[in-house]
Amino acid sequence: MPGKLKAKIVAGRHLPVMDRASDLTDAFVEVKFGNTTFKTDVFPKSLNPQWNSEWFKFEVDDEDLQDEPLQITVLDHDTYSANDAIGKVYIDIDPLLCTEAASVISGWFPIYDTIHGIRGEINVLVKVELFNDLNRFRQSSCGVKFFCTTSIPRGYRAAMVHGFVEELVVNEDPEYQWIDRIRTPRASNEARQRLISLMSGELQRKIGLKVLEMGGNAVVGYLQCFDLEGESGLVVRAIGTACTLEKHSSGSLVNTHTHPNTAPASNACNSPSKDGKEPVFGEDLPSSSGPPTPFRNLPTSSSSPPPFSPCKPCSRQSSSSDTDLSLTPKTGMGSGGSAGKEAGPLKTLLRQQTQTALEQREFPFFTLTSFPPSFLVHVGGVVSARSVKLLDRIHNPDEPETRDAWWEELRQEIKSHAKALGCHAVVGYSENTSICEEVCILSASGTAAILNPRYMREGCLDIGSTDQRFDDPSPPSCGFCHIPYDELNMPFPAQLTYCYNCRRQKVPDVLFTTINLPAEAAVTGKGCLIQARLCRLKKKAQGEVNATAISNLLPFMEYELHTQLMNKLKLRSMNALFGLHIQISVGENMLLGLASATGVYLTALPAPGGIQIAGKASGDLNNEQHVQSIQKRINDTIAKNKELYQINPPKLFALDPEVFCSTNLELTEEGVGSPIPEPRHRSRLFRSHSESSDEVSELDLSHGKKDAFVLEIDDTDAVEDIHSLLTDASPPTGFYTCNTETMPGIYNWTTAVQMFTSVRVLRLSNANLSNQSLNKIFTDLCENLLKSFYFKLRSNIPCCLCHLNFTVAVPEEELIQVSVTAVAMTFDKDQNQEGFITKGGNETEEQLQFPLELCADSSSTNAQPSSKFSGVPENTIVSSRAASVDYGSFADRCSTWLELLRLKANTIRRGSVKTSRRTQSLAHSVSSLEHCSPLTEGRPRSLRSSRSFGGSSVTMVKMTPLSFLPGTRIIKFLGIINMFFIRETTSLREEGGVSGFLHTFIAEVFAMVRAHVAALGGNAVVSYSMKDCVLMENPNKNQAQCLINVSGDAVICVRETDQEPMTSMTNIGQTCAADGAT
Amino acid sequence: MAVELDVFVGNTTIMDEEVYQLWLDGYTVNDAVKVRMAGGVLDECEANQDVLLSDTMDQYRTFQMCERLLQSPAKLANQLLFQIPPHRQTMLIERYYAFDDVFVREVLGKKLSKGTKKDLDDISAKTGVTLKSCRRQFDNFKRVFKVVEELKGPLVENIRQHFLLSDKLARDYAAIVFFANNRFETGKKKLQYLTFQDFAFCAGQLINNWTVGAVDNMVEDMDVDLDKEFLQELKELKILITDKDLLDQHKSLVCTALRGKTKAFAEMEANFKNLSRGLVNIATKLTNTKDVRDFFIDLVEKFIEPCRSDRWTPADIKLYLTHYTNSAHILDSFKHQAVWDRYMGVIKSCIYKMYHD
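Residues numbered from 1 in each chain as written. Chains lettered and ligands numbered in written order. Predicted model: local features only at pLDDT ≥ 70, side-chain atom pairs only at ≥ 80, totals over all residues. Heavy atoms only, no water.

1. What to know about the overall build of chain A
(1) Moving on: Each helix and strand counted, chain A has 21 helices and 32 strands in total.
(2) Moving on: Classification of the 1078 residues of chain A by burial places 65% in the buried group.
(3) Moving on: Counting contacts in chain A only where the partners sit at least 6 residues apart, residues at least 24 apart contribute 80% of the total. (Helix = DSSP H or I, 4+ residues; strand = E, 2+ residues; numbered from the N terminus. Buried < 20%, exposed > 50% of the residue type's maximum accessible area, 1.4 Å probe, protein only. Contact = heavy atoms within 4.5 Å.)

2. Side note on the overall build of chain B
(1) Moving on: The number of helices and strands found in chain B is 21 helices and one strand.
(2) Moving on: Taken along its principal axes, the extent of the C-alpha atoms in chain B is 90 × 45 × 35 Å.
(3) Moving on: Taking as baseline every contact in chain B between residues at least 6 positions apart, the subset at least 24 positions apart corresponds to 69%.
(4) Moving on: Entry remark: accessible area of chain B is about 15700 Å², with carbon and sulfur atoms responsible for 51%.
(5) Moving on: Positive and negative charge centroids in chain B, built from 49 and 53 side chains respectively, lie 5 Å apart. (Areas by Shrake-Rupley, 256 points an atom, 1.4 Å probe, with all protein chains shown as cover. Lys, Arg positive; Asp, Glu negative; His and termini not counted. Charge placed at Lys NZ, Arg CZ, Asp CG, Glu CD.)

3. Brief notes about unusual backbone geometry
All names here are of chain A.
(1) Moving on: At the junction of Ile797 and Pro798, the peptide bond is cis and its omega measures out at -5 degrees in the coordinates.
(2) Moving on: Inspection of the secondary structure puts Pro798 in the loop between helix H14 (771-792) and strand E26 (799-809).
(3) Moving on: Unlike most non-glycine residues, His14 shows phi in positive territory, near 55 degrees.
(4) Moving on: Residue position: His14 is located in the loop between strand E1 (3-13) and strand E2 (27-33).

4. As for the sheet that holds strand E9 (residues 145-146) of chain A
Residue and element names in this part refer to chain A.
(1) Moving on: Overall, mixed pairing links the four strands, which are arranged E9-E11-E12-E10 in an open sheet. Single-partner strands in this sheet number two, and they are E9 and strand E10 (156-171).
(2) Moving on: Judged from the 14 bridges that link them, E10 and strand E12 (residues 234-247) form a sheet pairing that is antiparallel. Within E12, the position partnered with Val169 by the bridge is Val236.
(3) Moving on: Strands E9, E10, strand E11 (218-228) and E12 of the sheet are contacted by helix H2 (residues 185-214), whose axis makes an angle of about 135 degrees with E10. (Pairing = 2+ DSSP bridges. Axes fitted to C-alpha atoms, helices over the stretch in contact; angles between N-to-C directions.)

5. Describing the sheet that holds strand E20 (residues 576-586) of chain A
Strands in a sheet are paired, the pairing made by backbone hydrogen bonds, and the direction either parallel or antiparallel.
All names here are of chain A.
(1) Moving on: The strand order across the open sheet formed by four strands is E18-E20-E21-E19, and the pairing between neighbours is mixed. The open sheet has two edge strands with one neighbour each: strand E18 (511-512) and strand E19 (523-537).
(2) Moving on: Note: E18 against E20, two bridges, orientation parallel. Looking at the pairing, Leu511 lines up with Ala576 of E20.
(3) Moving on: The strands touched by helix H9 (residues 543-571) within the sheet are E18, E19, E20 and strand E21 (590-602), with E19 carrying the most contacts at an inclination of about 150 degrees.
(4) Moving on: Running at roughly 140 degrees to E19, H14 makes contact with E19 and E21 of the sheet.

6. Here's the deal with the confidence of the model for chain A
Residue and element names in this part refer to chain A.
(1) Moving on: Summing up the model confidence of chain A, the mean pLDDT is 71 and the portion of residues at 70 or higher is 64%.
(2) Moving on: In the predicted structure, residues 250-361 sits below a pLDDT of 50 and forms 214 contacts with residues beyond four places in sequence or in another chain.
(3) Moving on: In this model residues 1060-1078 is a low-confidence stretch, pLDDT under 50, and it forms 33 contacts with partners more than four residues away in sequence or in other chains. (pLDDT = per-residue confidence, 0-100.)

7. Some words on the pairing of E12 of chain A
Residues and elements named next belong to chain A.
(1) Moving on: The element E12 is largely enclosed, with a buried count of 13 among its 14 residues.
(2) Moving on: Summarising the sheet, E11 and E12 pair through nine bridges and their orientation is antiparallel. Residue pairing for E12: Leu228 is matched across the bridge by Leu234.
(3) Moving on: Between E11 and E12, which pair antiparallel in sequence order, lie five residues; one of them, Gly230, sits at a positive phi of approximately 70 degrees.

8. Topic: empty space enclosed by the protein
All names here are of chain A.
(1) Moving on: Taken as a whole, the largest cavity spans an internal volume of roughly 460 Å³.
(2) Moving on: Considering the residues around the largest cavity, the lining is formed by 35 residues, among which Tyr90, Asp92, Ser197, Asn978 and Met979 are closest to the centre.
(3) Moving on: Those elements that provide at least two residues to the lining of the largest cavity are helix H1 (62-67), strand E6 (84-91), strand E7 (105-113), H2, strand E30 (968-985) and helix H20 (993-1015).
(4) Moving on: Ranked by the residues each element gives to the lining of the largest cavity, the list is headed by H2, at seven residues. (1 Å grid on protein atoms, 1.4 Å probe; cavity = no way out; pocket = protein on both sides within 12 Å on 5 of 7 lines; lining within 4 Å. Points joined across faces, edges and corners; volume = space filled by probe spheres on them.)

9. Some points on the packing of aromatic side chains
Residues and elements named next belong to chain B.
(1) Moving on: Applying the stated rule across the entire model yields 55 aromatic pairs over all chains.
(2) Moving on: Between Phe303 and Tyr320 the ring centres are 6.1 Å apart and the planes differ by 40 degrees, which places this aromatic pair in the tilted class. On the criterion of sequence distance, the pair formed by Phe303 in helix H19 (residues 295-309) and Tyr320 in helix H20 (residues 314-330) is long-range, its members being 17 residues apart. Both residues of the pair, Phe303 and Tyr320, belong to the buried class.
(3) Moving on: Through a chain of ring-to-ring contacts, three or more aromatic side chains come together here, namely Tyr20, Trp23, Phe63, Tyr96, Tyr97, Phe99, Phe103, Phe141, Phe163, Tyr173 and Phe196.
(4) Moving on: Taking NZ or CZ as reference, Arg136 lies 5.7 Å from the ring centre of Tyr96, over its face.
(5) Moving on: The ring centre of Phe230 lies 4.2 Å from the NZ or CZ of Arg342, which sits over that ring. (Phe/Tyr/Trp six-rings, centres within 6.5 Å; stacked < 30°, edge-to-face > 60°. Lys NZ or Arg CZ within 6 Å of the ring centre and 35° of its normal.)

10. Regarding H20 of chain A
(1) Moving on: Taking 1.5 Å of rise per residue, 23 residues should cover 33 Å, and H20 of chain A covers 33 Å from first to last C-alpha, within 8% of that figure.
(2) Moving on: Gly1017 of chain A, located one to two residues past H20 of chain A, shows a positive phi value of around 95 degrees. (Expected span 1.5 Å × (residues − 1).)

11. Considering the nonpolar core
As a rule of thumb, nonpolar side chains are buried together in soluble globular proteins.
(1) Moving on: In this structure, Ile122 and Leu602 of chain A together with Tyr320 and Tyr343 of chain B are the most contacted members of the largest nonpolar core, which totals 250 residues.
(2) Moving on: Sorting elements by how many residues they give to this core places H20 of chain A first, with 13 residues.
(3) Moving on: Aside from chain neighbours lying at most four places away, what touches Tyr343 of chain B is Trp210, Phe230, Leu234, Leu237, Leu279, Ile282, Ala283 and Leu286 of chain B. (Core = buried A, V, L, I, M, F, W, Y, C linked by side-chain atoms within 4.5 Å.)

12. Quick notes on the confidence of the model for chain B
(1) Moving on: Residues at a pLDDT of 70 or more form 97% of chain B, whose mean pLDDT is 88.
(2) Moving on: What the predictor reports for the complex is a pTM of 0.79 with an ipTM of 0.89.

13. What to know about a nonpolar patch on the surface
Residue and element names in this part refer to chain A.
(1) Moving on: Judged by side-chain polarity, Trp178, Ile179 and Ile182 come together as a nonpolar surface patch covering roughly 370 Å² of accessible area.
(2) Moving on: Here Ile179 lies in the loop between E10 and H2.
(3) Moving on: Since its relative accessible area comes to 31%, Ile179 is described here as partly exposed. (Patch = residues over 30% accessible without salt bridge, like charges linked within 9 Å, V, L, I, M, F, W, Y side chains within 5 Å. Salt bridge = Lys/Arg side-chain N within 4 Å of Asp/Glu carboxyl O.)

Below, the structure is given as structure tokens:
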């Protein structure tokens, strides 16, 4: 009996009138937990009752505490007939189970009814007393912290990253039970809400158990989803990344007391590679800075690392690459504070070695999208897998094997894709489904990567354990771009060049990833949202036939989406995509594909070639003119985009004498900056494998040639493609867009944030639409949504729409639904100089020191500029590097994606896309350099402080899909918010039609999230997301139903300059609550 | 192909003041879009008509959802559905309760009943204020009236606290409530030249000086009704015109004081008895509810019109009324100084305010 839950009902306000005769209400409250129910007295004839009840005490197992929500029902007492329910409040008490999170829940909660929406508010106090449970076989996992944030939460440091955790639970959907025919919609909705609440509690508990087993204490990047499979049941599944997190304060304690090398840590803090925006990582992960930091040269006698490591992330053949992460033996550095945890991971490791391949933990997957510096060594490219399944009824909810097996299959595929890319891990991993009737598309995607094994070992972040053999010898600003696979054995044909940043290793021409742009990455100019949109009609069918038809269509869709992305990327003169998310949604008669990503120009990667239009073979004059005009338009657009996104990559530099001297030898024979020659030559290319000086035997003199895409206009499809390329409007002046956390090149955010959700549903009235016209409709729908955002948010200019998350669905045969959640973040127009010094300055310096025409692929020469960059005497660094460099087979690469697709698809559409080479003159690049224009961002804007909300009686709660709030510091994570609501109406017209209905519902969901956060003592939600928004309507019957699932992390944040929490705000809220209570 | 559903919801509720005003003014969505387009808002953000329509619909929906809260403004501050910064809340309330002077002029002094509500179409047609806006304004008057009617304490303060209005707006509402309660006649042709602000000023004067609350603010419903005792006492002033000696004495005192100070002296002297009779008669008849209603029309007919036909300047009016009031104090046999001051103080400032073209 390890827990006591106490609840007190204080008061209500703004209750609805339940008695028409008196215009008043006789309200009382039922408080229910598990099977125990308490009641308050009836407070007669009031719309603002003051119950001031006693403390209701529930003595319960902690298992139940985790699974069950506290259920509060407000009713109207009726002497003669049954009492009428006014509404309910479900309170998730999980945040109270964790000592570090909230200690009390106290505040006003909206009373929610699934038919009437919010009906007044109720003031509740909830506390939990937990007793220590020493039972080893316990089923609960109290105390494991959950974070939706897909990075190491600010204020914490990762002592160890254990890896992937997943779980799913299934049940029958109450909506489809026989009893639903005789009960009211309200009862059915409530049964569903309650079931899902229970299921997600159970899911969280089970995942927590897995984490404890692994020796971790937290789950980051926790991603929970619902699959409403209709007749066949209800699936709640979740994935996440198990970690051992340490609080900042305690973390630094460990550092100072157990390791003698604290001093260099502080040096590392000053390393110029640190990004000003990320003070947390900068200050608290001292050992994680890139290799050229000074502390490497210090004697590390007391804590010197073992001279070897069994993990060779670089070897592409390493069949055990996926287990490397966890098999890496402990270095023995985990002394001090972390010593106690040693047993856990060891045990886990042992078990892992023996367990079958079906054991989930074998998946080296990480749901994280942002990483501490140096965590990410190389990035291979996007890996994704999809499968189409036919749903069958889940017979035994306790044994959800089928669903498990499905995902298992998919994950195996992902793993093998990653391996093919020479990568041992997948980061930015996510899973989702799309269901239509009995067909279900399961999708998984992530980014193949090589990670720094230090993070997988205990005590890994402590300085002493710096394992030089494993340190990536590349500067952090470009290292992740270097190909992880062997270029002799590339998984697909690709064009490689020497890195434009460090000149030492190969980089691909294009890089696609699902992660956020690493903070330390060198980027030229700004980025922008790039979307590929696609509709494909399919015949209506049933069962197997339908599933087969869909799976036949999928590869084509993926291929076309990829082509669109590639073209749009080139049109913007960019060379990398981050945060790539591809969603394929299935409807009865069509498939919708939407790929969103943020395009940037990575300085390390070659400049993209242009897009060349080729006409038909026939010498039709008209046609040629047409081609020319299109070509001109495309060229103009590219030029315009370069200017718009300030893409002016440095091309030529005055010779730096020092660099010149040290590189002159190689200079003569090295055609630097040249792309790797044609594939047929490639096999003859000699690859240096390490330490000593590099020889490059084969020269490529096709200097300056660039890869250009050729679009052949040979059919209507191609015309359509080109058309869609050019119809994408760029955001108006003052706006930037991205679907990642932040936009490169923008640093001085103000505290003004505006999170919003927008939903649009289009009805296709025309029954006989072609693919083309559908595509047009779909593209317009997305573009118009963006235009609407720009207009609505025009008062926030200059601003960036961050984390633009588009979700598409086909709710009914002729409906297309697009839902977007994003945040508009305002920044100061005047980019202050500091911003550039912290980051931009760094880049330019590097660029200057790695002149395009001078660098050689020699480790000794490379060492010099990089050492300058870090401000450390050259000779020392060179020597240390000479011993440690082992990047020979760290062949890098990226976007393999295209080729993987090709393998899967076996077909290439109409062959109108080719790659070819085009000469780009040097003169051209010089002129583009001259384009370097001062920043021009939008119009001046009056600064509005978003925090001028002094005397409000309701705590302002900010919400953002990002992991941080600009200008503030998170001082406490209060727990995860994971809420599921159903709303139904039988008076659709009276509520303003579907728009009115959904508008109200979304506003209500926001209100309930804010109320819960405020009751936990918080003032913001970070990593907020709306996972599901399922709308069903029947205007003829005047009915509609909607389900919404939202999640996020409740936090307390303070202004960066303040030490104290925003007490003014929270206090006001609390006093008012107290006032109302008395 | 049609947009079936289109919503945009911000965590902080986004409200455009311009659209809010259009909504308050009773424009339909389509008309509002036209007005906004004419206003050039499209140039701001490369938007098109569809964008504008979608935005306008969103905002209209938000306002409609808010309207229930705006009707009891205290709820707006502690409701949870919309996150609206306090300064925006203030703006929303203030604008919601704002009214058109042309409209209020039409209903001022009328009973705020269903009957009047039925006439709103005519008023709308006459004033050019949309029917929707007329209804909102009328309902606001009625709502404020209903709430304040049953409250103790100062009228303006009650309105301000219950409806969170600015001082200025609260005073205007107090005037409206006061006029509606006493059913002052304001619609006669002769009164058409008077603006709402003229009446509001007069109402303020009456509330501050002639109600029960003006002397004792602990009494119930004091600010809305005139002080009956005072009205009774006003009858005593009749002596100023019925006693011939007193009338002559009063005249000579005033004339002595005025002589040489104004060009209109001759007219003043000639009209003194008429004007004095007019003012005192108004005072003595105020015990009749019917005569209270005609208070303003009487002031115009008995005093303002004669003066205007004699081309008195406003300065003349002030001068005349000042001496007229003060001279009564010197009259030995006149014992009702306090009542006289309470009466004339209000009359003087009302006439001065009302004396314009």
